[in-house]
Amino acid sequence: MVSSWRVQQAAREIRAGAVIAYPTEAVWGLGCDPWNEEAVDRLLAIKSRSVDKGLILIADNIRQFDFLFEDFPETWLDRMSATWPGPNTWLVPHQNLLPEWITGVHDTVALRVSDHPVVRDLCALVGPLISTSANPQGRPAAKTRLRVEQYFRGQLDLVLGGALGGRRNPSVIRDLASGEVVRAG
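The structure reproduced in this document is the subject of the present report. All values reported here derive from a predicted model rather than from experimental measurement.

### Here we look at the overall build of the protein
Within the protein one finds six helices and nine strands. Computed over the C-alpha atoms, the radius of gyration of the protein is 15 Å, within 12% of the 16 Å expected from 2.2 N^0.38 for a compact globule of 185 residues. Expressed along its principal axes, the backbone C-alpha trace of the protein runs to roughly 45 × 30 × 30 Å. Here the protein holds 185 residues, and the buried ones make up 51% of them. Counting contacts in the protein only where the partners sit at least 6 residues apart, residues at least 24 apart contribute 67% of the total. Carbon and sulfur atoms make up 48% of the accessible area of the protein, which totals about 8,700 Å².

As structure tokens, then:
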């Protein structure tokens, strides 16, 4: 388990614009403050990922996304609530409430409420985070801290230790409006 002072240090770094790596349910993730365009641009450059693709926002509870849900049908809220926290990512209409550096060219944004204790503790301190797999575009996602360090030597501000959550595959991705699976988990 990661000590609380390490999570608090990571939260301070994120608030200051850091790009960090951390364990998630199945693979290591890269993250930063979603409201800091410079940090997001740096994360995308480190990963060699196009801003057009969009990014996932993770949180420790569904309430952290309430600002997006004001006009949503109750069935949509029930659909998400029934699968969170856990390895379920939902593509949710963002209604132009988020900047393009998060959404890319999409009308939806990917949201997940994590059940990983490190992610939850971090999000409880800083709010929703950008989350993307820790790998250069086109390479396998890092499943060890060593692989993270090999991929991104000297490019990250902090690598927050901890164990992966024990899942074999990344989260399933579903479209909220249709319920259709976009990516199997």
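### Overview of a nonpolar patch on the surface
A grouping of Trp35, Phe67 and Leu97 is seen on the molecular surface, where their side chains present a nonpolar patch of about 300 Å² in accessible area. Along the chain, Trp35 turns up in the loop between β2 (28–31) and α2 (37–47). Given a relative accessible area of 46%, Trp35 falls into the partly exposed group.

### Comments concerning the sheet that holds strand β5 (residues 108–113)
The strands that make up a sheet are held in pairs by hydrogen bonds between backbone atoms, and each pair lies either parallel or antiparallel. One open sheet holds the nine strands; their spatial order is β7-β1-β2-β6-β3-β5-β4-β8-β9, and the pairing between them is mixed. The open sheet has two free edges, formed respectively by β7 (158–159) and β9 (181–183), since each of these has just one partner strand. Sheet topology note: the strand β1 (residues 20–23)/β7 ladder contains two bridges and is parallel. Residue Ile20 lies in a different strand from β7, and its bridge partner there is Leu158. Each of β2 and β6 (129–133) touches α2; the most contacted strand, β6, lies at about 5° to it.

### Topic: the side chain of Asn61
Within the secondary structure, Asn61 sits in the loop between β3 (56–59) and α3 (74–81). A polar side-chain atom of Asn61 sits 3.0 Å from a polar atom in the side chain of Asp60.

### A look at the pattern of salt bridges
Inspection of the entire model under this criterion finds four salt bridges. Across the pair Glu25 and Arg112 runs a salt bridge whose closest N-O atoms are separated by 3.4 Å. Of this pair, Glu25 sits in the loop between β1 and β2 while Arg112 sits in strand β5, and the two are 87 residues apart along the sequence. Exposure class is identical for Glu25 and Arg112. Each is buried. Residue Asp157 pairs with Arg42 through a salt bridge whose shortest N-O separation is 2.8 Å. Here Arg42 lies in helix α2 and Asp157 lies in the loop between α6 (145–151) and β7, a separation of 115 residues in the sequence. Using a relative accessible area of 37% as the deciding quantity, one classes Asp157 as partly exposed.

What counts and how
- Residues numbered from 1 in each chain as written.
- Predicted model: local features only at pLDDT ≥ 70, side-chain atom pairs only at ≥ 80, totals over all residues.
- Heavy atoms only, no water.
- Helix = DSSP H or I, 4+ residues; strand = E, 2+ residues; numbered from the N terminus.
- Rg over C-alpha atoms; globule rule 2.2 N^0.38 Å.
- Buried < 20%, exposed > 50% of the residue type's maximum accessible area, 1.4 Å probe, protein only.
- Contact = heavy atoms within 4.5 Å.
- Areas by Shrake-Rupley, 256 points an atom, 1.4 Å probe, with all protein chains shown as cover.
- Patch = residues over 30% accessible without salt bridge, like charges linked within 9 Å, V, L, I, M, F, W, Y side chains within 5 Å.
- Salt bridge = Lys/Arg side-chain N within 4 Å of Asp/Glu carboxyl O.
- Pairing = 2+ DSSP bridges.
- Axes fitted to C-alpha atoms, helices over the stretch in contact; angles between N-to-C directions.
- Polar contact = N/O pair within 3.5 Å; in protein donor to acceptor, adjacent residues only side chain to side chain.

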